[in-house]
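Spelled out from the first residue to the last, the chains are:
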Amino acid sequence: MSDAELVLRSTRVITPEGTRAATVTVSAGKITAVLPYDAEVPPGARLEDVGDHVLLPGLVDTHVHVNDPGRTEWEGFWTATRAAAAGGITTLVDMPLNSLPPTTTVENLRTKQDVARDKAHIDVGFWGGALPDNVKDLRPLHDAGVFGFKAFLSPSGVDEFPHLHQDQLAQSLAEIAGFDGLLIVHAEDPHHLAAAPQHGGPKYTDFLASRPRDAEDTAIATLIAQAKRLHARVHVLHLSSSDALPLIRAARAEGVRITVETCPHYLTLTAEEVPDGASEFKCCPPIREAANQDLLWEALADGTIDCVVTDHSPSTADLKTDDFATAWGGISGLQLSLSAVWSEARARGYGLEDVVRWMSTQTAALVGLDARKGAIAPGHDADFAVLAPDETFTVDPAALQHRNRVTAYAGKTLYGVVKSTWLRGERIVDGGEFTEPKGTLLTRPQ
């Protein structure tokens, strides 16, 4: 302990073994020890005593659309990573769309890395994209350090990122399975979407009917069949349909290598409360009914759903029209995700240890970063969020850090105030004040 540079002390530290009063020592950006609360502070070390606030590992958000470069007016690395840091997130993995160019070749990856390098307030990694015509680029992207590959089974909403038909899915997944990579999938079946009623207009019930559960269920069944055939690793993005849960449970029982995420908006917002014309609530797949939400929570509790990520997908305000058919589909949630999930979790009888597991430990494991992220344990990066879990705040869009301050949470009162955020032993946010960017660019562990 003599080489410790920093000591953090709290009466409530969330560790892999549980929550306890503890003293955490840090040296060279790494956690060196988790000691009893009354452990002596070594000479020369700086003590930060956060009292009864909870010290938890920085969150790892593996589903973020930063859109930079190319659509930086929607979101950029500077603003997105500030919003993340303000919400206790210390690592994000950026989706390969909606930037221009998309992250579908090594050259495009280098372009995105060059843009992000000096703007990142937190650590940032990158997903690659699997398109109908880039199978030849998948292995080079893997070798260049992307964490896996994003694919759509229905139109993505942007022309430069077309979806995969079933034969193209099989071809891409076979290539990815050849190097034991990970395919992450927007799973909605285009034929079911095309057959659904498409009325347009401001009524949320019409939009909900246009994205039925069976579109998700069918696409997930297709993905499971391909993964089983190839013994491939697949991950279902932003699950909203509880009807798919039995399929997923059965697949796992058969040994299919499938993981699943859901998002804060599916866990905290319901179709019944969405006002007509309020397209800040629009996302694809959609926010569904309260009874569906209850089943998602049960699946989180029993481990069928592995993790919770934001799917932060912002746009400029003018694209959020009152016509649900034409409005941009995406919810901005980076800064509020921890508080939103914690508010609902505590109401349902879950603890902060559960939230940390869903939003930090298991997201880090998904992308292979669990040796250094997602836990307060020796050898891990000294990434922390300091949370006042019983304090509340009312969401004011003007206080948000992401570029376009449109939010489905406006006016909601949430539990859990992030007091400070730490990245590799350095405080990067404190009471709303930010340091200069200190994030690094991450690549998949070899």
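The rules behind these values
- Chains are numbered independently. Their residues run from 1 in the order of the written sequence.
- Local features in this predicted model are restricted to residues whose pLDDT is 70 or higher, and side-chain atom pairs enter the listing and the counts only when it is 80 or higher, whereas totals over whole chains, interfaces and linings include all residues.
- Only hydrogens and water are set aside when side-chain values are computed; all heavy atoms of the structure are taken into account.
- The helix count covers DSSP runs of H or I at least four residues long, the strand count covers runs of E at least two residues long, and both are numbered beginning at the N terminus.
- Between the two quantities, the radius of gyration covers C-alpha atoms and the globule rule is 2.2 Å times the number of residues to the power 0.38.
- In this description, contact between two residues means that some pair of their heavy atoms is separated by no more than 4.5 Å.
- Working definition of accessibility: Shrake-Rupley area with a 1.4 Å probe, residue cover restricted to the visible protein chains.
- None of His or the chain ends enter the tally, which takes Lys and Arg as positive and Asp and Glu as negative.
- For the purpose of locating charges, the reference atoms are NZ of Lys, CZ of Arg, CG of Asp and CD of Glu.
- Angular values range over 0 to 180 degrees, each being the angle between N-to-C directions of two axes fitted as lines to C-alpha atoms, with helices fitted over their stretch in contact.
- Orientation labels follow simple angle bins: below 35 degrees gives roughly parallel, above 145 gives roughly antiparallel, 65 to 115 gives roughly perpendicular, and whatever is left gives oblique.
- Side-chain classes follow a simple rule in which Ala, Val, Leu, Ile, Met, Phe, Trp, Tyr, Cys and Pro form the nonpolar group, Asp, Glu, Lys and Arg form the charged group, and the remainder, Gly included, forms the polar group.
- Whenever Lys or Arg places a side-chain nitrogen within 4 Å of a carboxyl oxygen from Asp or Glu, that contact is recorded as a salt bridge.
- Any two strands with at least two DSSP-identified bridges between them are counted as paired.
- Burial here depends on accessible area, computed with a 1.4 Å probe over protein chains only, as a share of the maximum for the residue type. Under 20% is buried, over 50% is exposed, and the range in between is partly exposed.
- When the strands point away from the viewer, a crossover counts as right-handed if the path from the first strand over the helix to the second runs clockwise.

1. As for the overall build of the protein
For step 1, the next point in the chain: The secondary structure content of the protein amounts to 12 helices and 18 strands.
For step 2, the next point in the chain: At 21 Å, the protein has a C-alpha radius of gyration in line with the 22 Å of a compact globule built from 446 residues.
For step 3, the next point in the chain: Overall size of the protein, expressed as C-alpha extent along the three principal axes, is 70 × 45 × 45 Å.
For step 4, the next point in the chain: Of the contacts made within the protein by residues no fewer than 6 positions apart, 74% connect residues no fewer than 24 positions apart.
For step 5, the next point in the chain: For the protein, the computed accessible surface area is about 15,700 Å², with 50% contributed by carbon and sulfur atoms.
For step 6, the next point in the chain: Averaged over its 39 positive side-chain charges, the protein has a centre that lies 3 Å from the centre of its 60 negative ones.

2. Details of the packing of helix α7 (residues 213-230) against helix α8 (residues 245-253)
For step 1, the next point in the chain: Where α7 contacts α8, the axes come no closer than 10 Å and their chain directions differ by 10°. Of the possible angle classes, the one that applies to α7 and α8 is roughly parallel. Residues D217, I220, A221 and I224 of α7 pack against L247, I248 and A251 of α8.
For step 2, the next point in the chain: Along the lines of polarity and charge, the residues of the contact of α7 with α8 split into six nonpolar, no polar and one charged.

3. Focus on the pattern of salt bridges
For step 1, the next point in the chain: Per the counting criterion, the structure on display carries 30 salt bridges.
For step 2, the next point in the chain: Of the charged contacts, one joins R117 and D114 as a salt bridge, the two residues approaching to 2.9 Å between their closest N and O atoms.
For step 3, the next point in the chain: Members of the salt-bridge network, linked through shared partners, are K30, D123, R372, K373, D381, D383 and R424.

4. Description of the sheet that holds strand β10 (residues 149-152)
For step 1, the next point in the chain: Across the sheet, six strands lie side by side as β9-β10-β11-β12-β13-β14; this open sheet has parallel pairing. At either margin of the open sheet sits one strand with a lone partner, and together these are β9 (128-129) and β14 (307-308).
For step 2, the next point in the chain: Examined bridge by bridge, strand β11 (residues 182-186) and strand β12 (residues 233-236) share four bridges and lie parallel to one another. When the bridges of β12 are listed, V185 appears paired with V236.
For step 3, the next point in the chain: Packing against the sheet, helix α4 (residues 166-178) makes contact with β10, β11 and β12, and its axis sits at approximately 150° to β11.

5. Some remarks on the pairing of β10
For step 1, the next point in the chain: The alternating pattern of β10 places F149 and A151 on one face and K150 and F152 on the opposite face, and all of these are buried.
For step 2, the next point in the chain: One ladder, built from two bridges, connects β9 with β10; its direction is parallel. By the bridge assignment, G129 is partnered in β10 with K150.
For step 3, the next point in the chain: Handedness of the β9-helix α3 (residues 135-143)-β10 crossover: right-handed.
For step 4, the next point in the chain: As defined by bridge partners, β10 adjoins β11 across four bridges and the pair is classed as parallel. When the bridges of β11 are listed, F152 appears paired with H186.

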